[in-house]
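# Close look at the chain arrangement
Chain by chain, the residues run as shown.
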Amino acid sequence: MGRVKGRLEEAYDPHKVEDYVHKFWDENSIYLKVKEKSSKSKKKYYFLDGPPYPSSNTFHIGTAWNKTIKDSMIRFFRMKGYNVWDKPGYDTHGLPIEVKIEKELGLKTKKDILKIGIDKFVQRCMEFAKRNVEGLTEGFKDLGVFMDWEHPYLTFKDDYIESGWWMIKRAHEQGLLEKDLLVHHWCPRCETTLADYEVSEYVDLEDPSIYVKFKLKGYDDKYIVIWTTTPWTLPANAFVMAHPDIEYAEVEVNGETLVMARSRVEKIMEEAGIKDYTIKKVIKGSDLEGLEYTHPLEDEVKAQELLSKYHRIVMAPEAVTEHEGTGLVHSAPGHGDVDFEVARKIGVPIVSLVGDQGNLLDGAGKYAGIYFREANKYIIEDLRRKNALLHESTIVHKYPVCWRCKTPLLLRATEQWVIKVSKLKDKLIKEAETVYWQPEWAKTRFINLLKNVRDWVISRQRFWGIPLPIWVCKKCGHIEVVGSREDLERLGGKVPENLHRPWIDGVKLRCPKCGGEMERVKDVTDVWFDSGISFYASLGYPRNKELWNSLKPVDFITEGHDQIRGWFFSLLRSGVITFGSKPYTRVLVHGFTLDEHGFEMHKSLGNYVEFKEVIERMGRDIFRWWAMMTTTWEDMKFSWAGMEKVKRDLSIVWNVYNFALTYMSLDSFDPVNNSIEEFSETLKPEDKWILSRLHRLIKKYEGAMYDMKPHEAARGIRDFIIEDVSRWYLRLIRRRVWVEEDTVDKRTAYAVLYYILKNWLLLAAPFIPFITERLYRELVYKSGDGYESVHLEDMPSYKAELISDEIEESMNIAREIIEAALAARMKAGLKVRRPVKRILVAPVSRDIVDKIDPFRHVILEMANAKSLEIVEEGFIESQMVRSVEPDYRGIGPEFKQKSRAVVDLISRYSKEIADAIVRNGYYVGKVNGEEIRLEPRHVKIRADYPDWLSVEPSKVGLVAVDSRLDKSEILEGLAREIVRRIQFMRKELKLGIEDDIMVSISTDDEAISEAVRAYKNYIMREVRGVEITGDPIQGYRREWDIDGAKVVITIQRVSDRNGRQ
RNA sequence: GGGCCCGUAGCUCAGCCAGGUGGAGCACCCGGCUGAUAACCGGGGGGUCGGGGGUUCGAAUCCCCCCGGGCCCA
C-alpha cells in the first residue's frame, strides 16, 4: 500500500532542482537504466547526431537548442517504447583546427609545418580536438542530454578513416572517381589551394583597368574590345565570351571599327577620352558567334601556339553583363571559374601559366619567371607598343586575400580528385523526393539545390584530415583505391600505427599490373567528406556490417537550415555513392539563434550571449522549455524576458504540485489503491472535463511529436498545466479537498488530480527532464507508485472515449457565463466575497440551456451566487427603465424664459415623460401653472437597467447579476470577511494548514455580531477554529475595519490534528 | 544577382497551409481574490497585421512587386 508523502521546498529554485537531479542521475546510473530498458524493444529508432565541430570547448546557444531538440525527441521515442540509437558524434578534422594549431605553434606557412614535422603537427591537432570534445561533452551532459557520451563517434579515429576509404573505393568501382583540372583560389605564398569557404577576406586593392583590342580575322581594321583588371591572364587567353541577346555596336574611331556592347559605348568613350566616334551599326550578340580574332601577344607567348586555333567569339550569357566592361569578356580558362566552365563545355584546353609560387611559367614566353602581379606592367607596355591598347587606367576594388598571410590570391587550375556526383543527379533527386521533411519548404529548397548539383572535389592539400586512399604506380601510372586496412596488406603494404598523415604517406604498395612501386597521393579529404559518411561510418561499417543492416535507414536527423546544403546534402550524396539510396527518411530543420533584435549573434558585434550565462541566470529546464516552444524551423530571437516568462510558468507548475502534495499527504492519499478506474461512478463533470482535456492533449502531443513538430507538443503541455489545471481545475476542486472527512468526493478529486499530474509529468519529461524528475520522485515514486525515474516510464496513449466535445463545450459556456457575471459584479461594485441572490442568463439559443446544466454548481460557486436562472431571450432587456434627459437645443428656442422650469419638470418626471412620449408621442405637463407640451425634439430618451441589475454581454447571451441582497446574504458576506481576516492572521503567524486555533471576536457592530453567531460553524470550519468566543483571550490580536465597523480579532494556536502542542 | 524563410500591440509570439468581426503572455493603469500566496483572477487602454497593388461579396491569410532581417548559393 502506498501513500503520498513527498514534500517540496517552498519556492521553485531551478538550480537546486537541477543539482539534485544531476546527482540523482549520476548516483543511480539513470541514463544506463533508461538505455537498457529501451534496448529490450524490437522497434528500432535510428537517430543520427549531426556532429558539431570542436573548435572550442564551449558552445553557442544555437548548439544548445540543437541538442535539446534531439534530446527531447530521443526521450519521447524511448518512452514510446522504441530502441533508440543515440550515439553522439564530433566532426574533428579540417582546416579550422589546423589554423588554430598553426597559431598556437606560431607557424605562418605550409613550409613551417613541414619544418616542424607533419607528425608533430597532426598530433597537436588530435590533442586539440580531444580536449574540446571533452569540454563540449561536459556541457551537453550538463544540459541534461541523454546520449551515449561514453561512446561518441570521432571522425579522426582510424576505424572511421577506414570507413571513409571504403566510400572512395565504392566511387572508384562505379567509375565516379576522377583526377581533374579545376580552377580554385590559390595562395602563392602558402603554396596551397583554398576551398571556397576559406576565401572570406577581401581588401581594397589597386589594379590596372585596361581596354584591349583584339583584331578580327578577315576584316581590315576591325577589332573587338575587351576589358580586364588582370593583364597577367592575357597570355593564357583562349577565347572571348559574348551575350547572344545583348546589342553590340560597331563604333568608328580614327578609321578603325571597334566592337563593344551598345549600352557601354558612351561610358567607354568618355573613359578613354575619345570624343570623335560614330556608331556605324548595331547588331545582336548572336551575330558575333564564331568570329575569329588574332591575339596581340601571339608572338610573345609560347602557349599561344596551342591556343591561337581556339580564338573566336563564344556565346556565354552566364559570363557577360552590361554593368561593367565591354560586353565582350576575355577568357583564360586556366585562371577563371566561368571561363573554365565554358572552356570545358566547348572543348577548349585548360592552360594555366602560373606556377605554385605565383611566377609565370615557360609557356608564358617572354614573361616567364615574372611574379604574376609584376607581369602586368610589361604586358601593358607590349600591348601599347602593338597598338592593341585602347585605354589604360587603374581601379580600386575588393580583391580576395589569404586569410592567414594576407597575400593576394589568384585563380588557378590545378589537378584535384573529383567524384562525379553530377552523374548521379537524377538518382539524388529521386531519392530525396521520398524523404519526409519538416517543414515542407525545406524539401523544396533541397530539391532546388540538387537540380544544380556539381561534381565533388574531395582532395585538399592539407594534413589534418582523412588521407586519400589513392595509390599511383610510379612506373605504369596504374591507380589503386584502398578500401580498408586489409586492402592495404593485400597490396603489399604495412598498416601504420596511425592512418593519418604522415604515417600513411610512408606506405608503399606493389603495383598489381606491372609490379612497380606505388605511392599515395599526398592529399587529404574535404571536411564535408567526414560527416557525410557518419550514417554508416559511425556504426563501424563495413567492418561490422550487421549493425548498419539492422539499423538502416536513419529514422531521424535534425540540424539548422544551413545544413540543407551542408550535412543533409552530404549525407544523401554519400548514401547514393555507397548504397545507391538515401540514408535517412525523416528530417527536421531547425532555425538559427539570433539576438533580441533579430540580428546574428557574434562575439565581434558585442551581442553574443554565452550559454554558460543562460544556465547561471536561468537554468536548464527554463532554457530547454523556452527554446522548445519557439517554432522549430524558424529563427529564434534570444530573449531574457521570454525565459523569465517560462520561469514563472515553471513556478506555477511547482506550486500546482506543491498544492497536490500538501493535501494528499495530509490525507495520506494512497494512489496505488485509489486509481482513477475505481471512481468512474463518482466523477463530477469538472473531473470528466479535465480528463477530456488531458486526453485531448495527449492526442495532440503524440501527433505533433510523430510529425516532428516538437514545439506544438511543448506549447500544448504548457497550456494544459497553466490554463486548464492551475487556473481552472485546481480552483474548482479546492473546496472538495479542504473537507476534513474522508469523503468519496474528496478521494475522487485526489484520484483525478493524481492521474492528470502524473501523466503530465510523463508528457513534460522529454522537454524539462529535471523538474519533472524531481516532482515525479516526490509525487509518484515516494508514494510507492511507478518507477525509480520518470524517464523509465512509458509514454501514455490517449483514450478516445475520454475525450468529450460536449463536456468541453459545456465548460466553455460555463466559463463565458462566469466571466460575464464577474464583470457584471465589478460594474456594480460587488466584491466576489459577498454572495448575491441570483444570476440571470438569457441564452442566445435554447440548446445552450442543456449545456449549462452540468456546470450550474461551478457557475454558482465561481460567481458566488445563490441561484442561476435561465430566462427567455429579451427578458433582461425588458427590465430596462426608460428615462429622458432635456435636450437644450430643442427647449431653449421654444420655451425661452420658461426653459429652466421645463428642465426641472423633465428631471422630476423623467420616467413618466419617457413612457408618455414613447407611447403617445408627446407629454403634457404644467409649468408655473401653465400647460406645456413636450415632444421628442425636447428630450433625449434613454434606456437603463435598474440599479439592482448589472448586465454584461457574453458570447452565449446576456448575463445579469441581481444585486439586491437579503439579510442572509449580507450576513454570509460578513462571515466571509471575518474568515478572510482570520486566515490572514494565520498566515502572519505562519501556522500550518493542520494547526487548530482558538478565536476571539469582539465588536460593537450589530450585523457583524449577528453574522458571527449565525455562521459560527462555518467560520470555525474554514479557519480550523476549535472555539469562537466573544471574550478576550491571550494570543495574537489585531484590529480590523469591516464596512466601517471596528472588529477586534484574537487568535491563539492550540494544537494540531495529531495533538501536537 | 538567384533560391528558401521571417516581418502581427511598446516587447516576445499564436493565428496564415484549408479566406469570414485580429488573439495570448509580458509591461502599463484600475479592480478583485487570499489555506498554491514573492502565487492567482477580472477589466481597461494600446494594432496602417512591414509598404504598395491584385483576386474576392469578403484578405493578416491567396497572387504579384517593393522594403527590412536570416540562411544558402552566385
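Up top is the structure these notes are about.
So, a few notes on the structure that sits alongside this text. Treat the numbers as computed from the prediction; the structure is a model and nothing was measured. (Residues numbered from 1 in each chain as written. Chains lettered and ligands numbered in written order. Predicted model: local features only at pLDDT ≥ 70, side-chain atom pairs only at ≥ 80, totals over all residues. Heavy atoms only, no water.)

### Thoughts on the packing of helix H3 (residues 61–79) against helix H20 (residues 620–629)
A pair of packed helices is characterised by two quantities: the angle between their axes and the separation of those axes. Contact pair H3 / H20: the axes reach a minimum separation of 10 Å and the direction vectors enclose 85 degrees. Taken together, the axes of H3 and H20 are roughly perpendicular relative to one another. Contacts between H3 and H20 involve Ile 61, Ala 64, Trp 65, Thr 68, Ile 69, Asp 71, Ser 72 and Arg 75 from the former and Phe 623, Arg 624, Ala 627 and Met 628 from the latter. A per-class count over the contact of H3 with H20 returns 7 nonpolar, 2 polar and 3 charged. (Axes fitted to C-alpha atoms, helices over the stretch in contact; angles between N-to-C directions. Helix = DSSP H or I, 4+ residues; strand = E, 2+ residues; numbered from the N terminus. Parallel < 35°, antiparallel > 145°, perpendicular 65-115°, else oblique. Contact = heavy atoms within 4.5 Å. Nonpolar A, V, L, I, M, F, W, Y, C, P; charged D, E, K, R; others polar.)

### As for the sheet that holds strand S21 (residues 470–473)
Spatial ordering of the open sheet is given by S22-S21-S24-S23, a layout of 4 strands whose pairing is antiparallel. The two strands at the open ends of the sheet, each matched to only one other strand, are strand S22 (479–481) and strand S23 (509–510). Pairing of S21 with strand S24 (residues 517–520), which is carried by 3 bridges, proceeds in the antiparallel orientation. Its bridge partner lying in S24, Val 472 is registered against Glu 519. (Pairing = 2+ DSSP bridges.)

### Thoughts on the pattern of salt bridges
According to the stated counting rule, one finds 86 salt bridges in the structure shown. Of the charged contacts, one joins Glu 1022 and Arg 735 as a salt bridge, the two residues approaching to 3.0 Å between their closest N and O atoms. Of the two residues, Glu 1022 sits in helix H35 (residues 1016–1023) while Arg 735 sits in helix H23 (residues 710–738), which places them 287 residues apart along the sequence. What makes Arg 735 partly exposed here is its relative accessible area of 35%. One salt-bridge network, in which partners are shared between bridges, spans Glu 178, Asp 180, Arg 344, Lys 420 and Asp 455. (Salt bridge = Lys/Arg side-chain N within 4 Å of Asp/Glu carboxyl O. Buried < 20%, exposed > 50% of the residue type's maximum accessible area, 1.4 Å probe, protein only.)

### With respect to the nonpolar core
Counting residues in each nonpolar core, the largest one holds 158 residues, and the members touching the most others are Phe 623, Trp 625, Tyr 657, Leu 753, Ile 756, Leu 757 and Trp 760. Looking at this core element by element, the count peaks at 14 residues for helix H24 (residues 744–764). Not counting residues up to four positions away in its chain, the partners in contact with Ile 756 are Ile 690, Leu 691, Leu 694, Phe 720, Val 725 and Tyr 729. In this structure, Ile 161, Trp 417, Val 453 and Ile 564 belong to the second largest nonpolar core, which totals 66 residues. (Core = buried A, V, L, I, M, F, W, Y, C linked by side-chain atoms within 4.5 Å.)

### With respect to the protein's contact with RNA strand B
Close to RNA strand B lie 46 residues, the nearest being Thr 631, Tyr 663, Arg 727, Gln 983 and Ile 993. Sugar and phosphate atoms constitute 77% of the interface atoms of RNA strand B, taking the interface as everything within 4 Å of the protein. Interatomic distance of 3.3 Å between a side-chain N/O atom of His 561 and a sugar or linking oxygen of RNA strand B. At 2.2 Å, a side-chain N or O of Tyr 663 approaches a sugar or linking oxygen of RNA strand B. For the surface near RNA strand B, the secondary-structure elements that each account for two or more residues are helix H13 (440–451), helix H21 (640–666), H23, helix H26 (805–828), helix H33 (967–988) and H35. Its residues assigned to classes, the surface near RNA strand B shows 13 nonpolar, 8 polar and 25 charged. (Near = heavy atom within 4 Å. Polar contact = N/O pair within 3.5 Å; in protein donor to acceptor, adjacent residues only side chain to side chain.)

### Quick notes on the packing of aromatic side chains
For the structure shown, the criterion picks out 49 aromatic pairs. Arranged with centres 5.5 Å apart and planes meeting at 75 degrees, the rings of Tyr 31 and Phe 146 form a pair that is edge-to-face. A residue pair is termed long-range when its members are at least 10 positions apart, and Tyr 31 in helix H2 (residues 30–39) and Phe 146 in the loop between helix H6 (118–142) and strand S4 (153–154) qualify at 115 residues. Judged by relative accessible area, Phe 146 falls into the buried class, the value being 6%. Cluster of aromatic residues (ring-pair linked, three or more members): Tyr 45, Phe 47, Phe 76, Phe 77, Tyr 82, Phe 556, Tyr 701, Tyr 706 and Phe 767. Above the face of the Tyr 787 ring, Lys 37 is positioned so that its terminal group lies 5.7 Å from the ring centre. (Phe/Tyr/Trp six-rings, centres within 6.5 Å; stacked < 30°, edge-to-face > 60°. Lys NZ or Arg CZ within 6 Å of the ring centre and 35° of its normal.)

### What to know about the sheet that holds strand S36 (residues 949–954)
Whenever strands of a sheet pair, they do so through backbone hydrogen bonds, lying parallel or antiparallel. The 4 strands are arranged S31-S30-S37-S36 in an open sheet whose pairing can be described as mixed. Both edges of this open sheet fall to strand S31 (865–870) and S36, since each of them pairs with a single strand only. Taking each pair of neighbouring strands and ignoring which way they run, the sheet shows an average axis angle of 20 degrees. Inspection of the sheet shows strand S30 (residues 836–843) paired to S31 by 5 bridges, in the parallel sense. Paired with Val 836 across the strands is Ala 865, a residue of S31. Helix-sheet contacts for H26 involve S30, S36 and strand S37 (957–962), and the interaxial angle to S36 is about 140 degrees.

### Describing unusual backbone geometry
Here the residue pair Gln 438 and Pro 439 is connected by a cis peptide bond, since its omega of 0 degrees sits within 30 degrees of zero. Put simply, Lys 552 and Pro 553 share a cis peptide bond, and its omega is -10 degrees. Within the secondary structure, Pro 553 sits in the loop between helix H17 (545–551) and strand S26 (557–560). The backbone of Asn 864 sits at a positive phi, close to 50 degrees, despite the residue not being glycine. Assignment of secondary structure puts Asn 864 in the loop between helix H28 (856–863) and S31. Non-glycine residue Arg 1024 carries a positive phi angle of around 55 degrees. Tracing the backbone through its elements, the reader meets Arg 1024 in the loop between H35 and strand S39 (1025–1029).

### Description of the side chain of His 590
Turning to its location among the elements, His 590 is positioned in strand S27 (residues 586–590). Within the structure, His 590 has its side chain in polar contact with the backbone nitrogen of Gly 560 (distance 3.2 Å). When near neighbours in sequence (up to four residues on either side) are disregarded, His 590 contacts Trp 65, Asn 66, Ile 69, Thr 558, Glu 559, Gly 560, His 561, Thr 632 and Trp 633.

### Quick notes on H13
The end-to-end C-alpha distance of H13 is 17 Å, a good match for the 16 Å that 12 residues give at a rise of 1.5 Å each. Among the residues making up H13, those that are buried are Ala 442, Phe 446, Ile 447 and Leu 450. Summarising the axial view, the buried residues of H13 lie within an arc of 130 degrees, below the 170-degree limit, and thus occupy one face. Taken together, the buried residues of H13 touch helix H12 (425–433), strand S18 (436–438), helix H18 (567–579) and S27. (Expected span 1.5 Å × (residues − 1). Arc of directions from axis to C-beta.)

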